[in-house]
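Remarks on the overall topology
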Amino acid sequence: MRSKRTPEGWVAHIRRESDGITQLIAFPDGAGYAPDDVRGSLIAGCEAAIARLGLAPATRH
């Protein structure tokens, strides 16, 4: 995953290793955004977005 900050929120590019397909996900600052915990806000936003992609569950090797 590659993400970047924009003035309105975050944009993330999530690439599946299995086939190289990239999903672009953007989420604005809003409910759940905490300016004093930018990292936590980004993680929470990514987790919420990924849950909606319908991809296979992640595995650990």
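Everything discussed here concerns the structure shown above.
In this text, all values refer to a predicted model and were calculated from it rather than measured experimentally.

Here strand β2 (residues 9-15) pairs with strand β3 (residues 22-28) via seven bridges, running antiparallel. Within β3, the position partnered with tryptophan 10 by the bridge is phenylalanine 27. The antiparallel hairpin formed by β2 and β3 contains six residues in its connecting segment, where glycine 20 sits at a positive phi of about 80°.

Counting residues in each nonpolar core, the largest one holds six residues, listed as Trp10, Ile14, Ile25, Phe27, Leu42 and Cys46. Within the residue set of this core, elements represented by two or more residues are β2, β3 and α1 (38-51).

Look at any regular strand and the pattern is simple: side chains alternate between the two faces of the sheet. For β2, a buried count of five out of seven residues is recorded, marking the element as mostly surrounded by other parts of the structure. Bridge count for strand β1 (residues 2-5) against β2 is four bridges, and the pairing is antiparallel. Bridged to lysine 4 within β2 is valine 11. From the end of β1 to the start of β2, which pair antiparallel, there are three residues.

Reading the values: rules and limits
- Residues numbered from 1 in each chain as written.
- Predicted model: local features only at pLDDT ≥ 70, side-chain atom pairs only at ≥ 80, totals over all residues.
- Heavy atoms only, no water.
- Pairing = 2+ DSSP bridges.
- Helix = DSSP H or I, 4+ residues; strand = E, 2+ residues; numbered from the N terminus.
- Core = buried A, V, L, I, M, F, W, Y, C linked by side-chain atoms within 4.5 Å.
- Buried < 20%, exposed > 50% of the residue type's maximum accessible area, 1.4 Å probe, protein only.

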